[in-house]
Amino acid sequence: MSFDRSIKIAPSILAADFANFGAEIRAVEAAGADWIHVDVMDNHFVPNLTFGPAMCAAIRPHIKTVMDVHLMISPVDASVEAYAKAGADVITAHAEAGPHLHRTLQLIRAFKVKAGVALNPGTPLSAIAHVLDLVDLVCVMTVNPGFGGQKFIESQIAKVRDLRAMIAERPIHIEIDGGVDPVTAPLVAAAGADVLVAGSAVFKGGSVAAPAAYGTNIASIRAAAEQATGRMV
Ligand code: DX5
Ligand code: ZN
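Cut-offs and rules
Residues numbered from 1 in each chain as written. Chains lettered and ligands numbered in written order. Predicted model: local features only at pLDDT ≥ 70, side-chain atom pairs only at ≥ 80, totals over all residues. Heavy atoms only, no water. Pairing = 2+ DSSP bridges. Helix = DSSP H or I, 4+ residues; strand = E, 2+ residues; numbered from the N terminus. Axes fitted to C-alpha atoms, helices over the stretch in contact; angles between N-to-C directions. Contact = heavy atoms within 4.5 Å. Buried < 20%, exposed > 50% of the residue type's maximum accessible area, 1.4 Å probe, protein only. Right-handed = clockwise from strand over helix to strand, strands pointing away.

1. Observations regarding the sheet that holds strand 3 (residues 67–72)
No. 1: Within the open sheet, the eight strands sit side by side as 1-8-7-6-5-4-3-2. Their pairing is parallel. Single-partner strands in this sheet number two, and they are strand 1 (8–11) and strand 2 (36–41). On average, adjacent strands in this sheet sit at an angle of 25° to one another, irrespective of strand direction.
No. 2: By the bridge criterion, five bridges tie strand 4 (residues 90–94) to strand 5 (residues 114–119) in an arrangement that is parallel. Looking across to strand 5, one finds that I91 is bridged to A115.
No. 3: Against the sheet, helix 5 (residues 156–167) engages strand 5, strand 6 (137–141) and strand 7 (173–177), with an angle of about 165° to strand 6.

2. Observations concerning the pairing of strand 5
No. 1: Here strand 5 lies mainly inside the structure; five of its six residues are buried.
No. 2: As for the winding sense of the linkage, the β-α-β connection from strand 4 through helix 4 (residues 101–110) to strand 5 is right-handed.
No. 3: As paired elements, strand 5 and strand 6 share four bridges and run parallel to each other. The residue of strand 6 that forms the bridge with L119 is V140.

So this is what it looks like as structure tokens:
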């Protein structure tokens with residue numbers, strides 16, 4: 001996994017057919033996905049439940065790109081090893097998930113996995129100011145975590161801009177998660193984001209049997225974002 005600031009589209013399988021993850025992943029990768037975003041929810045840190053490490057291990061062979069695991073769980077430390085062993089390339093934990101963020105990030109990196117930290121909309125950037133040396137990715141939540149298909153929270157654009165300045169030359173990805181579509185993607189891309197997670201906006205109108213919409217959807221989000229950053233293709 002080499003580092004760059006090009007726009008990367010990361011479809012969230014939260015919006016895929018849960019009975020058909022392998023085929024859905026292959027379809028969105030064929031349609032141009034750069035990363036695959038995997039939302040793990042525990043019905044405790046967030047009010048929804050998805051799947052755990054066994055499912056992550058089962059889908060890993062279907063992912064040819066980057067397996068980006070977003071842990072919406074608390075406590076998190078005791079589970080890091082299981083997701084690392086499941087084959088995650090990136091493991092992102094929430095800053096709000098426990099009192100020991102620094103330890104959590106150290107633990108993720110100890111398994112030779114890229115370490116991400118996610119911030120809920122109400123959490124200030126100061127929560128990560130003193131751990132940036134342990135971080136490979138910051139995920140700015142642009143919805144309250146727990147569900148797909150929610151409305152993008154505009155107040156987070158200023159947070160992305162401030163985060164981009166805070167990161168300066170460090171090789172840290174800025175990921176946006178929640179309500180990303182061709183209208184909101186340019187707003188966060190212009191503010192400095194490079195990884196755009198999108199669930200509903202990628203999977204809408206398509207299926208494994210009719211995957212053409214996946215390609216159109218990914219291309220529209222990418223084109224809108226690249227235009228905003230001046231990186232036209
Ligand atoms: C929300 C998840 C997101 C979600 C985004 O808790 O972390 O990854 O799937 O879904 P959309 O793109 O539909 O807002
Ligand atoms: Zn997510």
